Amino acid sequence: MAHMAYRKLRNQKERYSTELRRFALTLHFYSPKGYNFVRKTFCNLIPHPAHIRKWCCTADGRPGFNTEVLETIQKTHTTMKKKIVCNLVLDEMHIRDKVITRNGRSHGFVDLGFSEDEKKENFFDDNVPDNVRDRNNSDGDEEIVMEAEDRTVGAQEGKTGAPPTAKKALVFMLVSLNDKWKCPCAYFLVDSLSSEQQANLIKKCLALVHEHDINVHSVTFDGLRTNLTTAKVLGA
C-alpha cells in the first residue's frame, strides 16, 4: 500500500518494487477478474495484465528448434519414470508476406534459426546463393521475387542482395502416443524448401529428440509431392 501511494504522489513510470510484483503475480494467478477489480479500485496503480504476461514469458520463440520444449518434456517424464513415445507431425502454414521492423530487428524474412556453424552443414546446396534458398519455379529456372517496392526496383536493376521474404511457416509438432499431450518443438520461416533440405531438417529434429530421450515412432505429413519425395530421400 505504501509503495502504491508513493507512486501516486511521485511518478507512475517508476519501476515496481519486488513486493508489489510478487503481490500482482500471486493475485493475478488466483483470480484475473479479482485482479482487474483491485486494479480499478486503486486507480490503476498496480501493473497492467500485459506487464504480468511479459514477466511470466521466458520462452525463446525465435525460429528454429526449441530445446526448452524438449528439456521440459524430458524432465516431466523423468520425474514420472515413464517412457516417451511420440509421433512427429510436420506441415506448412501460409503466413502474411510482410516485413516488420520492431525494436531494431526486422521480422518476416526467411529464417531457419541456424547459427553460422550450422549453416555450413549442407542444409542448402553449395551452388545456390544464400539469398535465394531454392527459389525455383516449375521450369527449373531461377526465380527471384522481391515483395517490397524497393526490392522490386533493386531486382530490375540486377541487385539480388536483399534476402527473400517468408511466405510459409514449416511447423514440427510432437504428439504423444502413450500420454495425452502435443507440443510444437520447432518452426521455420521459409519461402520454399526442396525435398533434400526438408529431409535434413527432419534428420536434425530426430537427432535432437533422441538426445532428450524421446522416442519417435512415426512421422506424419500430407501428400504433397515434396513430402513424398522427402520420404524417399529418408529411405521409405
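One can find the structure itself at the top, above this paragraph.
These remarks concern the structure in this document. (Residues numbered from 1 in each chain as written. Predicted model: local features only at pLDDT ≥ 70, side-chain atom pairs only at ≥ 80, totals over all residues. Heavy atoms only, no water.)

**A look at the side chain of Ser-195**
As a reminder, the rule being used: The numbering of helices and of strands both runs from the N terminus, where a helix is a DSSP run of H or I of at least 4 residues and a strand a run of E of at least 2. Contact between two residues is taken to exist if any of their heavy atoms lie within 4.5 Å; hydrogens are not considered.
Looking at where Ser-195 falls in the secondary structure, it is placed in helix 7 (residues 195–211). Each residue touching Ser-195, except ones within four places of it in the same chain, is listed here: Thr-226, Thr-229, Thr-230 and Val-233.

**Here's the deal with unusual backbone geometry**
In this model, Lys-81 sits at a positive phi of 55°, which is unusual for a non-glycine residue. Backbone geometry places Asp-213, a non-glycine residue, at a positive phi of 60°. With respect to the helices, strands and loops of the structure, Asp-213 is situated in the loop between helix 7 and strand 7 (214–220).

**Here we look at the packing of aromatic side chains**
Operational definition: Only centres within 6.5 Å qualify two rings of Phe, Tyr or Trp (six-membered ring in Trp) as a pair; their planes then separate them into stacked at under 30 degrees, edge-to-face at over 60, and tilted for everything else. Buried residues are those whose accessible area, probed at 1.4 Å on protein chains only, stays under 20% of the maximum for their type, while exposed residues exceed 50% and partly exposed ones sit between those limits.
Summed over the entire model, instances satisfying the criterion amount to 4 aromatic pairs. Aromatic side chains Phe-29 and Tyr-30 sit 5.3 Å apart centroid to centroid with 80° between the ring planes, which places their arrangement in the edge-to-face category. We note that Phe-29, like Tyr-30, is exposed. An aromatic cluster is built from Phe-65, Phe-172 and Phe-188, whose rings are joined through pairwise contacts.

**Points about helix 5 (residues 67–80)**
Each α-helix turn comprises 3.6 residues. Residues three or four places apart therefore point the same way. Note the threshold: Here the expected span of a helix is defined as 1.5 Å times the quantity of residues minus one. By construction, the arc corresponds to the directions joining the helix axis to the C-beta atoms.
The first and last C-alpha atoms of helix 5 sit 20 Å apart over 14 residues, in line with the 20 Å expected at 1.5 Å per residue. Listing the buried residues of helix 5 in full gives Val-69, Leu-70, Ile-73 and His-77. Buried positions in helix 5, seen along its axis, are confined to an arc of 100° and lie on one side of it. Residues Lys-75, Thr-78 and Thr-79 are exposed on helix 5 and point more than 90 degrees away from its buried face.

On their own, these measurements won't tell you what the molecule is for.
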